[in-house]
Amino acid sequence: MASNINKSDNGKKSENKKKTSRGTYSAKQIRLGKLSALFAAMLVILVALAIRLVKIVNDNGEEYQRIVLSNQRYDSVIIPFRRGDIVDCKGTILATSEKVYNLVVDASVMMTYDDDRYLEPTLNALSACFPDINIAELRSFVVNNESNHYRILEKRLTYGQISEFLTMQENNSYIRGVTFEEEYRRVYPMGTLCSTVLGYTTANNNSGGMYGLEEYYESVLTGTDGREYGYQNEDATLERTIKPAVDGYTIHTTIDSTIQRIVEDKLNAFNETYRDNYRAGNGAENLGCIIMDVNSGEILAMADFPGYNPADYMNTDPLIGCKYYEAVVNAGGYTEYRKTTDVITQEMLDQMTQDQINVNLYNLWKNQCISYTYEPGSTAKPFTVAAALDCGAITGDEVYTCNGALQVSNYYIKCHTYDSGGDGVVTVQDSIAWSCNVALMKIAQALGTDNMCKYQRIFNLGLKTNIDLAGEARTDTLVYNPQTMGPVDLATNSFGQNFNATMIQMITGFCSLINGGYYYEPHIVNQITDSTGAIIQNIEPRVLRQTVSESVSERMRQYCRATVMEEGGSRRSGRNARPYGYAIGGKTGTAQTIPRETGQIVISFMGFAPADDPEIAIYVVIDRPNFAKQDNVKYACLLCRDILQEVLPYMGIYMTEPLTDEELKYLEEMQLENTLRYTQGDGNGESGSQTEDPYEQIEMTQITDSTGETANVYPRWMSYPIDPATGHRVGPDGTHYDADTGELATATSNILDDSIPVNDNLDSDNYTNGN
Amino acid sequence: MATGRNAKQNNRSGEIIKGNFKNAAESISSYAQTDIDMNLVFIVLFLLGFGLLMVYSASSYVAYRDYGNSSYYFKKQITSDLLGLVCMVVTIFIPLGIVEKNKNFKFLIAGLANAVLLLVIPFGVESHGARRWIQIPGIGGRLQPAEITKLLMIVFLAAMINSMGNAYISSWKGFLFCMGMASLSSLLLYLLTDNLSSALIVFMIAFVMCFVASQDFKKYIFLVILGLAAAGAVVAYVASDDSASEGSFRLTRISSWLHPENSAETSAHQMLQGLYAIGNGGWFGRGLGQSVQKVSVLPEPQNDMIFAVICEELGIVGAISLMIMFVLLMYRMLLIARNAKDRFSFLLVSGIMAHFAIQVILNIAVVTGSIPNTGVSLPFISYGGSSALFLLIEVGIVLNVDRVSRAESRER
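This structure is a prediction, so every number in the text was calculated from the model and none was measured.

The rules behind the values
Residues numbered from 1 in each chain as written. Chains lettered and ligands numbered in written order. Predicted model: local features only at pLDDT ≥ 70, side-chain atom pairs only at ≥ 80, totals over all residues. Helix = DSSP H or I, 4+ residues; strand = E, 2+ residues; numbered from the N terminus. Buried ≥ 20, exposed ≤ 12 C-beta atoms within 10 Å, placed from the backbone. Pairing = 2+ DSSP bridges. Axes fitted to C-alpha atoms, helices over the stretch in contact; angles between N-to-C directions. Contact = placed C-beta atoms within 7 Å. Parallel < 35°, antiparallel > 145°, perpendicular 65-115°, else oblique. Left-handed = near helix turned anticlockwise from the far one by under 90°. Nonpolar A, V, L, I, M, F, W, Y, C, P; charged D, E, K, R; others polar. Core = buried A, V, L, I, M, F, W, Y, C linked by C-beta atoms within 7 Å. Domains from an automatic or database assignment.

Engineer: Break down the overall build of chain A for me, citing the residues and quoting the values.
Structural biologist: When helices and strands are counted, chain A shows 21 helices and 30 strands. The proportion of buried residues among the 771 residues of chain A is 49%.

Engineer: How would you explain the sheet that holds strand 11 (residues 284-293) of chain A if you had to name every residue and give the values?
Structural biologist: Backbone-to-backbone hydrogen bonds join strands into a sheet, with any given pair of strands oriented parallel or antiparallel. Residue and element names in this part refer to chain A. What the 5 strands build is an open sheet, ordered 12-11-27-26-25; its pairing is antiparallel. At either margin of the open sheet sits one strand with a lone partner, and together these are strand 12 (299-305) and strand 25 (585-592). Neighbour-to-neighbour, the strand axes of the sheet open up by a mean angle of 5 degrees, direction not taken into account. As defined by bridge partners, strand 11 adjoins strand 27 (residues 616-625) across 9 bridges and the pair is classed as antiparallel. Note on strand 27: the bridge partner recorded for isoleucine 290 is tyrosine 619. Here helix 10 (residues 257-274) sits on the sheet in contact with strand 11, strand 12 and strand 27, set at roughly 20 degrees to strand 12.

Engineer: Quick rundown of the pairing of strand 26 (residues 601-609) of chain A? Include the residues and the values.
Structural biologist: Residues and elements named next belong to chain A. Buried residues dominate strand 26, accounting for 9 of its 9 residues. Side chains Ile601, Ile603, Phe605, Gly607 and Ala609 project from strand 26 onto one buried face, and the interleaved Val602, Ser604, Met606 and Phe608 project onto a second face that is buried too. As paired strands, strand 25 and strand 26 are joined by 8 bridges and run antiparallel to one another. Bridge pairing in strand 26 places glycine 589 opposite serine 604. Summarising the sheet, strand 26 and strand 27 pair through 8 bridges and their orientation is antiparallel.

Engineer: Please provide a residue-by-residue account of unusual backbone geometry, values included.
Structural biologist: All names here are of chain A. The amide bond that connects phenylalanine 305 to the next residue, proline 306, takes the cis arrangement and shows omega of 0 degrees. Relative to the elements of secondary structure, proline 306 occurs in the loop between strand 12 and strand 13 (323-329). That bond from alanine 609 to proline 610 is cis: its omega, -15 degrees, falls within 30 degrees of zero. Among the structural elements, proline 610 can be located in the loop between strand 26 and strand 27. With a phi close to 65 degrees, tyrosine 211 is a non-glycine residue in the positive phi region.

Engineer: Describe the packing of helix 8 (residues 145-164) of chain B against helix 11 (residues 196-213) of chain B, with residues and values.
Structural biologist: All names here are of chain B. The contact between helix 8 and helix 11 brings their axes to 10 Å, and the two run at 20 degrees. Comparing their axes, helix 11 and helix 8 come out roughly parallel. Helix 8 and helix 11 meet at a crossing whose hand is right-handed. Between helix 8 and helix 11, the contacting residues are Ala146, Thr149, Lys150, Met153, Ile154, Leu157, Ala158 and Ile161 on the first element and Ser198, Ile201, Val202, Ile205, Ala206, Met209, Cys210 and Ala213 on the second. Residues of the contact of helix 8 with helix 11, tallied by class, amount to 13 nonpolar, 2 polar and 1 charged.

Engineer: An account of the nonpolar core is needed here, citing residue identities and associated values.
Structural biologist: Residue and element names in this part refer to chain A. The biggest cluster of nonpolar side chains holds 154 residues, and the ones touching the most others in it are Ile290, Ile291, Ile507 and Tyr619. With 11 residues, the top contributor of residues to this core is helix 16 (residues 437-458). In this structure, this core is formed jointly by two domains, domain 2 (77-253) and domain 3 (369-711), each of which donates at least three residues. Not counting chain neighbours up to four residues away, the residues in contact with isoleucine 507 comprise Ile290, Met292, Met606, Ala617 and Tyr619.

The values reported here are purely geometric and, on their own, carry no functional implication.
What follows is the structure in structure tokens.
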């Protein structure tokens, strides 16, 4: 280029030289000539520049065109979809998504003018509306990063928080460089209610559902992000085209939040009452309750304790009082989470690493009603009896004799009445109403291993129920099959020991026993609608199979009613479960856990109401209650009664039984208490003021509890010889004593000797992640 | 030898111009039919209209992004264009002779030219790292005093040189006095407004006006060669040593011009993006409004880099057409200068013509990457109210000179 200028200048000069050397031109002519020469020079330079333009296009045109195309950025904004709601059967919102705003500053816009005409008003408005923002820091950021277009200052502000600023922005055109990016936040309006059923969401709170419904229905709840494109149309004006986001679908659950609330309140009250009662920690290691519609498999309530707040799922407060889990790499190389005997305290939490906390949170987030497996105990007795009746192994008219124990192979398996000499003469109905192990073992022997295993599958034991919740446990290795089941296993299985099940398996099977034999697939969602409310899918109740015949089912209703109601006689095990004014049926359960001899018990009650025409089934499980003597099934019955006492009137089920004066007085007090709680209390529905044991308020007719007492430890066990086969000391009456502790390990309700073979896989307290 | 051949050709072209002039003089009656040069008026109006169109095209996206109004810059530009046209018409009828009535009046103008620059100290407004604007109280508009200085210096130098006489201006003494006065303004421009390009333009205009007025030429050849050699030496110095340019942003600009790919500086980025735009436009362009580069990668595409947008949208064909339009503008000014009734008017028009020519050449040279980025706007095309206003006043002065010379030839 320099050479071009040079050349043209030379030309200009030389021209003038010629003229002046002749000396014939006037001053004016020289002036005009010089101006013309200048014009010519300008022309030459412009031609040179034009040549340069042509050269650029010819030499680099294609390359530059490519660069431009690859640099091309279309200004586009993602419009987030809205995650679908989760509502209960009445339309009450359990989980919803709320639009929130991220505050974004554009430093380059604020610094458009050097006189700070935008900067100062914008900063002033920001400091007035958002006290959290460090204005001094922001000012130095903006001044030092003039080319910065994007910095998120505040996250997840609600519309209420930003509306003041928006008004100011509208009224003052000098407030610039602040934009609000839309996002959604997952909100759980009911707090901890239903937490383990719902699960929670992680990424942006818009996708990434974890556990429960949020995980199971992830693809239904999530939608598709939209996009806003900016481009220039043919008229060179900026066009914005919006491809709207497709919002996620709303799922309608069968959960009734009122029933759910009653259940959770009662579980919390139980925990409050028995926390630190005998040992440090919660009222029980696990508390679970499921209420189900017997005629459709719909879950009306499903709760476990402790719950957590899905909106604040990393909060460790609910862990306090739980047993501490530690991560252990087992022989197979898998990480296993093992329950320890330690109880988590605040001090422990402060010292735990995040990994350790996470291990325990995994356990907290799990829905114990579907993922916790345990030996169900006597609640399995109706299944055994129904199987025997259905396949014709027994007629129902049999009468058994219970002497307190039964010899099976080399083992001496006791009834809970062993110490009082046995139940004596037991009918089939009594075997359930009194929960007689010996009668059940005899029924199971009549049934045989093949039929036992067959019916366990029919009742779905060992199989997943396929409930529409994430995290249901596999139990296929926790039950026997005809090849592996020996006579001892058959005997122990008959009263619910030595195989594991989940709560949802038990109650779903139980529903089929009492509803005429129809096994409904349990489900929690019955409708899916889109964001406009249009129905996308109706999920109808699904009968999977007929488990037992209608007539067997009728008998089971009768037997279960006898367990609770007067016709079961004075030894009926479930009498405490009856809500005043109602007739219900049910079955108690008191199951030993492994290791057997430690007296760790799972007590439970499984029932249905009303007794004659069942509408709902309820299952309450208290895993290792915080009592000195854990084998008192009364507490499970009372918990069940307390729940039903409020749920049945709410469901519009009328009382059919006469009320005594005491009962009437109790109901009136309860009514008053509930009224006061919601009218005068602090409004949060807590009943924390009640410190007395609610179960001791009513005078009970004290009858010796069917679940027996712990046997005395006889000092003389030390003198008995050790049986080489079992490693136990065996007394002259054939009783086995633990060789080390001398405990009569069989002294609880299901009196299982430690030596009775156990399915190796039964180790319910430990789990591997993702189970 | 090459010089000799060039000289011959140029001599011939000089004769052709003379011939044209003779023809024009012969048809003097038809020439005097109209009061003003409608050709020039048409060219100016065309450039203004085209400039508005391109300002709108180049700025609509940026304006929408920053102000929510795609015609933000367009509206401001059309306002100052209309104001400038009014001022232009008024200027046509101002008797220019008053400048020469009083001997000292020209010095008042020179003083004024420098005084407006001093206004940035109390009334200056900072933008893009330099105090180049003064806020006009009451109106709310802003003016670039550099534009006033350019105009006033042209008027002053024309009067000054005219008062000197041919012999004096041809001497070193007269030349150095005029250049000294111009340098003073240039220095003030550079120091007070940090505006090197305007300082250079004032200096170059003064140089060209002295050249045109003087009977001498040897020293101009010498000075031009000297100037080019000095510029070449600076460039060579920067090119030889990478660390040489550190610390001075002028030298950094030279360095980034030499190696735009390596430079993180925004001016180099701007220049590269301008080249990409030219390449992307090709021969016939992407079509009006179809520039991709103006969307965010070219910062302020409506300003100094508007020629790049023109190249991208209208291609080389459109860009050269625009350059031809500028040549025509210059040609009309040349004709008017030749017909000027006196030396003062001639010098005025020459200075104005030089002003246009210098800005057009520098702007296009920057966009094509031929010289380092200096920040010169393209007359009538680039966005800028002050520039448009004072350039139109300059056109008014040219038309004024034309009007007077036509009136005189009619009288004769």
